[in-house]
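Spelled out from the first residue to the last, the chains are:
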Amino acid sequence: MPLRNRLRLLAISGLALFTVSASLPPAAADGPRSHRPSGGGLSATIRYTEYGIPHIVAKDYANLGFGNGWAQAADQVCTLADGFVTLRGERSRYFGPDAAPDGSLSAATKNLSSDLYFRRIREARTLEKLLKQPAPAGQSRDVRELERGWAAGYNAWLAQNRIDDPACRGADWVRPVTTLDVVARGYALSVLGGQGRGIDGITGAQPPTGAAGTPEVPSPGDAADAARRLLSTQNADMGSNAVAFRGDTTANGRGLLLGNPHYPWQGGRRFWQSQQTIPGELDVAGGSLLGAPIVSIGHNENIAWSHTVATGVPVSLHQLTLDPADPTVYLVDGRPERMTKRTVSVTVKGGGAVTRTQWSTRYGPVITSLGAGLPLPWTTTTAYALNDPNAVNLRFSDAGLGFSRARSTADIGAALRRTQGLPWVNTIAADSSGHSFFSQSQVLPRITDELAGRCSTALGRATYPASGLAVLDGSRSDCALGSDPDAVQPGIFGPGRMPTVKDAPYVENSNDSAWLTNADAPLTGYERVFGTVGTPRSMRTRGAIEDVSAMAAKGRLTVADLQGQQFANRAPAGDLTASDLAAACAALPGGRAVGSDGTAVDVSAACEVLRRWDRKTDTGSRGALLFDRFWRRATAAVPQGELWKVPFSPADPVGTPNTLNTSAPGVARALADTVAELRAAGITLDAPLGRHQWVERNGKRIPIGGGTESLGVWNKTEPVWDAAAGGYQEVSAGSSYIQAVGWDGGKCPVARTLLTYSQSSAPGSAHYSDQTELYSGERWVTSRFCEKDILRSPALRVVRVHERR
């Protein structure tokens, strides 16, 4: 490390320590969390500012990882420890084989299937093999050092602190971790959209026996519908919005970025906020997915970036033709190939073990279902194998580190081309020079439309157009995926094939395909596996494009405009339909509508509530809850073709479909059922939304604004309905780590952030609900990125953390 950087690190640490020691009573400055180095080993300085946000300073990547692992453990030890039980394949041992995991690291429905999958990964030494690959196909040395340091930091926190969180206090499953455990967490996130979806089908796949009947094969139409539901980015627990504005739309010619990722509010897929600094090398702030040693979404002095869950399908299926004499042998070009098998044993609670054999092919593991709705039966003649190119991808963290080091959107593009590591997200970025950037750079199987047309089975001819899921003929070697010359691994698309938009006045994505990234210049020409062109957009996409295009046209934008967009809480579905619904309600004979149980319900009071509703989902909006409950029913009961009078038109994808078909029978029925439901729950029809949409933290109710996916609200909230408890009493997913970032010509970015569910999941923490209360009040955290701002924090608390040897 250069001498000037060592001196700067010492100066920063010394000044910070002096400042906090001078401003706090001795007990505060030297309390139980204030550790000082004694001897060798890894160490870091952590400066905590308001809301428990740590600013971690270290001399190199291993030491930075150490500070990161320590600080994450301090806030989230129980959630992290639970995840490491999953990754070691030990959930059945501690929690029972039939209990369900929290869903953070896979879609396994039971602990047993989760354990069988992750034990196979360990026993096959999958991660060790991937770690031997040199960069760029494998991980860089810097990422490996971060991971090594993270494990050491987590372990040091465990060794030096007492766990007070009742979620895992005294639990024997809270144990030290290895670097391989940290790598495994990143791997699980990479395969989340691929093998992670199919774990039940992978671990449950067994060859047919003579005693078993012939399983029912889904019709192509049913399979297409199931694949469409499974792979849709709408109504998922992960989503997001992001927009970047070019400099000629802003007040000072510099870029702007608003990132609004939608992620689970509980469990191991939460974000955690920090700043990470190696003087002279790295300085970045933002949100990290728990267990990740890098910033996942964030900003530095020159750039800001965010991600949205993309529509690209990260897997393909290969339909196998089996040897009639042996269902574990498949044919390729008429020649037999034997499946490989690995027997895995899982220890279960109460003693004993469950042993299961898992089967693999040249294409990937044999699978008998993809999600609950798409069965893929293994018969005496046919089986299916799942190809997931992210199952050999450990480059996720290198992509994030590349963003953290970037100085421009061009550097963001270069990091994507170099690492090719993002499995299931788009990237949106802006920089201080006024550039905007979007790219759907994903690790996707190289399924071209030509290949799908030539090699799809009957099942694939239905699923590929409907969902982008290819089902290829595995009996033909000419149906192999092939390679692009610029791809870092075989069988994936290279960077030159990725849908990308540079320097448009705005680039925006709300989990639809790249087609309308900028609605004034639609993006086309990509393969179906990336997403659709010329198809209906979600209500959230339509509302977002209306909003951001109007903002760009208005111009002179600032960070304050981004903040206003985040909390505008406009419900586009209400704008389109509430007036017509109110008029149709008022015209009902006798003010009555018939509910689904045949009972006539007096809905007359609802008419005026709907008419007067402000079309927003603010906590004080009266009528928002009534419309929300109605709209959920109406969209579930009335087919899209009947719901609207004006159908979708590719020539007007933002404005169509429109005009509610109030004569559709399900519309009045949905209104009647909603009114009956609210009355039965004792909820007045014009109650403010926040009175019945809230979360409870340590006995205190915190009202929550925003709205569900189908309403089209930018500030997405997916609440949990419990009529007996008085409405929506928790949030399952929605807005998470939010950032509004711009520049004013100085060295410090102009950044406002919010971590909606707060930094810690431990009820005893001072940072269990503080940012949640900010979020409720639509208030923001002013980012303390520059050194002078960190040291001026009235909440400044400095700790030196280190290994004890």
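Note that the structure is predicted; figures quoted are calculated from it, not measured.

Q: It is not clear to me how the overall build of the protein chain should be interpreted in this structure. Could you clarify?
A: Each helix and strand counted, the protein chain has 24 helices and 33 strands in total. In summary, the protein chain has a C-alpha radius of gyration of 27 Å against a globular reference of 28 Å for 805 residues, a match within 12%. Viewed in the frame of its principal axes, the protein chain has a C-alpha envelope of about 75 × 70 × 55 Å. For the protein chain, with 805 residues in total, the buried portion stands at 62%. The long-range share in the protein chain, meaning contacts at least 24 apart out of those at least 6 apart in sequence, stands at 70%. Both charge centroids of the protein chain, one from 83 positive and one from 74 negative side chains, sit 5 Å from each other.

Q: Before we go on, may I ask you to explain the sheet that holds strand β5 (residues 262-264) in this structure?
A: Pairing between the strands of a sheet is mediated by backbone hydrogen bonds and can be parallel or antiparallel. If you walk across this open sheet you meet the 3 strands as β5-β29-β28, and the pairing is antiparallel. In the strand order of this sheet, the two ends are held by β5 and β28 (717-722), each with one partner. Taking the axes of each pair of neighbouring strands and ignoring which way they run, one obtains an average angle of 45° across the sheet. Two elements, β5 and strand β29 (residues 727-735), share 3 bridges in a ladder whose sense is antiparallel.

Q: Would you mind going over the packing of aromatic side chains with me for this structure?
A: In this description, an aromatic ring pair is defined by two values, namely the gap between the centres and the angle between the planes. Throughout the structure, instances matching the rule amount to 22 aromatic pairs. Between Tyr94 and Phe95, the ring centres sit 6.4 Å apart and the planes meet at 50°, which makes this aromatic pair tilted. For Tyr94, a relative accessible area of 13% puts it in the buried group. Its relative accessible area of 26% is what places Phe95 among the partly exposed residues.

Q: So what exactly am I meant to see when it comes to the environment of Arg701 here?
A: Examined against the element boundaries, Arg701 turns out to sit in strand β27 (residues 700-703). Judged by relative accessible area, which is 48%, Arg701 ranks as partly exposed. Sequence spacing of Arg701 and Ala582 is 119 residues, and the spatial spacing of their C-alpha atoms is 32 Å. Beyond its immediate sequence surroundings of up to four residues, Arg701 is in contact with Trp694, Val695, Glu696 and Ala725.

Q: How do you make sense of the packing of helix α10 (residues 220-231) against helix α14 (residues 458-467) when you look at a structure like this?
A: Helix-helix packing is described using two parameters, namely the angle between the two axes and the distance between the axes. Two numbers describe how α10 lies on α14: the axes approach to 8 Å, and their chain directions differ by 35°. As α10 packs across α14, the resulting crossing turns out to be right-handed. From α10, Pro220, Ala223, Ala224, Ala227, Arg228 and Leu231 reach across to α14, where they touch Ala458, Leu459, Ala462, Thr463, Ala466 and Ser467.

Q: Help me understand the pattern of salt bridges in this model?
A: Side-chain pairs of opposite charge can arise where the charged atoms are in close proximity. Counting across every chain of the model gives 40 salt bridges. Residue Asp181 pairs with Arg122 through a salt bridge whose shortest N-O separation is 2.7 Å. Highlighted residues: Asp181 in helix α8 (residues 179-190) and Arg122 in helix α5 (residues 111-123), separated in sequence by 59 residues. Accessibility assignment for this pair places Asp181 and Arg122 in one class, buried. One salt bridge in this structure joins Arg697 and Glu730, with 3.0 Å as the shortest N-O distance. Residue Arg697 is found in strand β26 (residues 694-697), and its partner Glu730 is found in strand β29; the two are separated by 33 residues along the sequence. Each of Arg88, Glu90, Arg93, Arg122, Arg175 and Asp181 takes part in salt bridges that share partners, so that together they form one network.

Q: Please explain the sheet that holds strand β20 (residues 500-502) as it appears in this structure.
A: Reading across from one edge, β20-β18-β17-β9-β8-β7-β6-β2-β1-β33 is the order of the 10 strands in this open sheet, with mixed pairing throughout. Each of the sheet's edge strands pairs with one partner strand only, and the pair in question is β20 and β33 (797-802). Going from strand to strand, the sheet's axes swing by 20° on average, the running direction of each strand aside. Where strand β9 (residues 303-309) meets strand β17 (residues 425-431), 7 bridges bridge the pair, whose relative direction is antiparallel.

Q: What is the right way to look at unusual backbone geometry in this model?
A: Put simply, Ala135 and Pro136 share a cis peptide bond, and its omega is 10°. Following the sequence through the fold, Pro136 ends up in the loop between α6 (126-131) and α7 (141-160). With an omega of -5°, the peptide bond between Thr656 and Pro657 qualifies as cis. Tracing the backbone through its elements, the reader meets Pro657 in the loop between β24 (644-646) and β25 (658-660). In this structure, Asn511 is a non-glycine residue whose phi angle is positive, near 80°. Mapped onto the secondary structure, Asn511 falls in the loop between β21 (506-509) and α15 (539-554). Positioned with a positive phi, Arg556 is a non-glycine residue whose angle comes to about 55°. Along the chain, the position of Arg556 falls in the loop between α15 and α16 (559-566).

Q: What's the story with the nonpolar core in this structure? I'm lost.
A: Note that soluble globular proteins tend to have their nonpolar side chains buried in a common cluster. Counting residues in each nonpolar core, the largest one holds 167 residues, and the members touching the most others are Tyr154, Tyr187, Phe245, Ile412, Ile447 and Leu469. In terms of residues, this core owes the most to one element, helix α3 (residues 61-87), which gives 14 residues. Counting 40 residues, the second largest nonpolar core, distinct from the first, contains Leu610, Phe630, Leu660 and Val713.

Q: How should I be thinking about the packing of α7 against helix α11 (residues 396-405) in this particular structure?
A: At a minimum axis distance of 10 Å, the contact between α7 and α11 shows a crossing angle of 105°. In terms of orientation, α7 lies roughly perpendicular with respect to α11. Of the residues in α11, those in contact with Asp142, Val143 and Leu146 of α7 are Ser397, Asp398, Leu401 and Arg405. Here the contact of α7 with α11 is composed, by residue class, of 3 nonpolar, 1 polar and 3 charged.

Q: What should I look at first to understand the state of the cysteines in this one?
A: Linking two cysteines covalently via their sulfur atoms produces the bond known as a disulfide. Scanning all chains against the criterion turns up 4 disulfides. Each sulfur of the disulfide joining Cys585 and Cys607 lies 2.0 Å from the other. Note on the Cys585 and Cys607 pair: the S-S dihedral is about -70°, so by sign convention the disulfide is left-handed. Taken together, the residues Cys585 in helix α17 (residues 572-586) and Cys607 in helix α18 (residues 604-612) connect sequence positions 22 residues apart. Here the two residues Cys585 and Cys607 agree in accessibility, since each one is buried. Covalent S-S linkage joins Cys748 and Cys786, the inter-sulfur distance amounting to 2.0 Å. On the sign convention where negative means left-handed, the S-S torsion of about -125° between Cys748 and Cys786 marks this disulfide as left-handed. With Cys748 in the loop between β30 (737-742) and β31 (750-755) and Cys786 in the loop between β32 (781-782) and α24 (787-791), the pair connects residues that are 38 residues apart, well separated along the chain. The same class applies to Cys748 as to Cys786, namely buried. Each bonded cysteine of the protein chain is numbered by sequence order, and under that numbering the disulfide pairs are 1-2, 3-4, 5-6, 7-8.

Cut-off values and rules
Residues numbered from 1 in each chain as written. Predicted model: local features only at pLDDT ≥ 70, side-chain atom pairs only at ≥ 80, totals over all residues. Heavy atoms only, no water. Helix = DSSP H or I, 4+ residues; strand = E, 2+ residues; numbered from the N terminus. Rg over C-alpha atoms; globule rule 2.2 N^0.38 Å. Buried < 20%, exposed > 50% of the residue type's maximum accessible area, 1.4 Å probe, protein only. Contact = heavy atoms within 4.5 Å. Lys, Arg positive; Asp, Glu negative; His and termini not counted. Charge placed at Lys NZ, Arg CZ, Asp CG, Glu CD. Pairing = 2+ DSSP bridges. Axes fitted to C-alpha atoms, helices over the stretch in contact; angles between N-to-C directions. Phe/Tyr/Trp six-rings, centres within 6.5 Å; stacked < 30°, edge-to-face > 60°. Left-handed = near helix turned anticlockwise from the far one by under 90°. Salt bridge = Lys/Arg side-chain N within 4 Å of Asp/Glu carboxyl O. Core = buried A, V, L, I, M, F, W, Y, C linked by side-chain atoms within 4.5 Å. Parallel < 35°, antiparallel > 145°, perpendicular 65-115°, else oblique. Nonpolar A, V, L, I, M, F, W, Y, C, P; charged D, E, K, R; others polar. Disulfide = S-S within 2.5 Å.

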